[in-house]
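Structural overview
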Amino acid sequence: MPNPKTLISEDEIKARVDVLASQISLDYADKGELVLVGVLKGAFIFLADLSRRLSIPRYIEFIAVSSYEHGSVRSGAVRLVMDVRRSIEGKHVLVVEDIVDTGHTIHYLINMLKSRKPASVRTCALLHKEHKTEVDVHVDYLGFKIGDEWVVGYGLDYAEKDRTLPYIGVIDPTD
Ligand code: PRP
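The notes below deal with the structure included here.

Take the pairing of strand 9 (residues 168-171) next. Consecutive side chains along a regular strand alternate between the two faces of the sheet. Here strand 9 shows two buried faces, one formed by Ile-168 and Val-170 and the other by Gly-169 and Ile-171. Pairing of strand 1 (residues 5-8) with strand 9 involves three bridges; the strand directions are antiparallel. Directly across from Lys-5, in strand 9, lies its bridge partner Val-170. Of the strand pairs in this sheet, strand 8 (residues 150-152) and strand 9 are connected by three bridges, and their pairing is antiparallel. Within strand 9, the residue paired with Trp-150 across the bridge is Ile-171.

What follows is the structure in structure tokens.
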């Protein structure tokens, strides 16, 4: 199979991650330690790059969720399968996602984390399929808006394939 067609190149991702990291570092300067909560699995590469470019005190947590599916269609219901290890009470929290699609995952996570009395909860996503989003979610730090394409690479997979591609590519799953 040929490599997926490039949608966002490695250089474009790097430049955008630099901008996001600078903005986050500025916004959270003097606010104490920032808790970066990466959503597994997709966010692991973005989180690794973003976190290393921040200039503020921070630590890393991971969370994992699972979406209920009817056939290949997501129902919108989300279930927590792995939680953070430390309390986030009184902490500034930034949820880091590879992609916001329907928005159900990030919507669930924001509500769940807010119920734990953090100082704040904001969101950072590399990609947002704005036209597919079904719930009212706001991405505070966004890399790129994309259309309704099947994207892989930089953490995103298709049936666990292409997750470690260094760029964001587009595939046609019917191929
Ligand atoms: C993807 C992505 C987000 C979620 C977004 O995860 O990483 O967590 O879907 O979709 P939504 O906005 O429609 O809720 P996926 O379920 O593919 O799992 P993975 O990250 O482990 O590949």
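What follows covers unusual backbone geometry. Residue Leu-40 is joined to Lys-41 through a cis peptide bond whose omega torsion reads -5 degrees. When you line up the elements, Lys-41 lands in the loop between strand 2 (34-40) and helix 2 (44-52). With a phi close to 50 degrees, Ala-159 is a non-glycine residue in the positive phi region. Relative to the elements of secondary structure, Ala-159 occurs in the loop between strand 8 and strand 9. Backbone geometry places Glu-160, a non-glycine residue, at a positive phi of 70 degrees.

What counts, and where the lines are drawn
- Residues numbered from 1 in each chain as written.
- Predicted model: local features only at pLDDT ≥ 70, side-chain atom pairs only at ≥ 80, totals over all residues.
- Heavy atoms only, no water.
- Buried < 20%, exposed > 50% of the residue type's maximum accessible area, 1.4 Å probe, protein only.
- Helix = DSSP H or I, 4+ residues; strand = E, 2+ residues; numbered from the N terminus.
- Pairing = 2+ DSSP bridges.

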